[in-house]
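# An overview of the molecular structure
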Amino acid sequence: MAGRNPVDVSVSLEGFDSLSAALRAEEDGKQLRKELAKGMREALKPAAVQAKSGIMSMSASMSESPALRSAIAKRIKPEVKLGGRWSGARVKARKTPGIRGFAQAAKRTQAAGGWRVQIFGRGTWRTQQGKTDWFDRAMDPGSGRYRQAVHDAMEEMARRIADRAR
């Protein structure tokens, strides 16, 4: 792996890759991959709930429609990919393109510098402040627990495959 920096992941990448290869080798590997992905998503659901509560705890300065906080919360989901360019499990806040032309709402609302909004009817701009690091800080206290739950789901699938080989 010349030219690449090593990535420190608590669930070893080699173990993840070997588990994916074992799933491909199985006769019903597609079904097993679906079950593994489902187990890993279930393990990350509490983290997604924590992130959603993080954005919902941000104060609202105005009551415009559609509601920004709930639109961002709806777009927070656990994501699992088993192959391709990126493999792993994470909680992701997806873009919100339909919310007041504010596609990067999740990213901007947690920025320390805030974001610029135009004051309607006046043509002037102001900076609106969000809640700094609402996404990251919401999941920090349980990050070890979520990582362990994902690891346990992977271990369970590895055990199932190993039991078949016996």
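## Considerations on the pattern of salt bridges
- Applying the stated criterion across every chain yields a total of 4 salt bridges.
- Residue Glu 35 is joined to Arg 160 by a salt bridge in which the shortest nitrogen-to-oxygen separation is 2.5 Å. With Glu 35 in helix α2 (residues 29-56) and Arg 160 in helix α6 (residues 143-165), the pair connects residues that are 125 residues apart, well separated along the chain.

## Observations concerning the pairing of strand β2 (residues 88-93)
- Sheet topology places strand β1 (residues 76-81) next to β2; 6 bridges connect them, and they run antiparallel. From the neighbouring strand, Lys 77 faces β2, where its bridge partner is Lys 92.
- Taking the residues between adjacent antiparallel strands as the criterion, β1 and β2 are bridged by 6 residues, where Gly 83 takes a positive phi near 130°.

## Brief notes about the nonpolar core
- Leu 36, Met 40, Ile 72, Ile 76 and Val 91 are the most contacted members of the largest nonpolar core, which totals 36 residues.
- Looking at this core, the elements that each hand over two or more residues are α1 (13-25), α2, α3 (68-74), β1, α4 (105-109), β3 (115-119), α5 (134-139) and α6.
- Here this core gets 10 residues from one element, more than from any other, and that element is α2.
- Among all residues touching Leu 36, those that are not within four sequence positions of it are Leu 19, Leu 23, Leu 82, Ala 153, Met 154 and Met 157.

Parameters and conventions
- As a convention, each chain's residues are numbered from 1 in the sequence order in which they are written.
- Totals for whole chains, interfaces and linings use every residue, but because this is a predicted model, local features are given only for residues with pLDDT of at least 70 and side-chain atom pairs only at 80 or more, for both listing and counting.
- For side-chain calculations, the full set of non-hydrogen atoms in the structure is used, while hydrogens and water are omitted.
- Salt bridges are identified by distance alone: a Lys or Arg side-chain nitrogen within 4 Å of an Asp or Glu carboxyl oxygen.
- Here a strand is any run of E in DSSP of at least two residues, a helix any run of H or I of at least four, and the numbering for each starts at the N terminus.
- A pair of strands is treated as paired once DSSP finds two or more bridges between them.
- Definition used in this section: a nonpolar core is a set of buried Ala, Val, Leu, Ile, Met, Phe, Trp, Tyr and Cys residues joined via side-chain atoms within 4.5 Å.
- Classification of residues uses two cut-offs on accessible area relative to the type maximum, computed with a 1.4 Å probe and protein chains only: under 20% is buried, over 50% is exposed, and between them is partly exposed.
- Whether two residues are in contact is decided by their heavy atoms: any pair within 4.5 Å suffices.

Remember, this is a structural readout, not a statement about activity or role.
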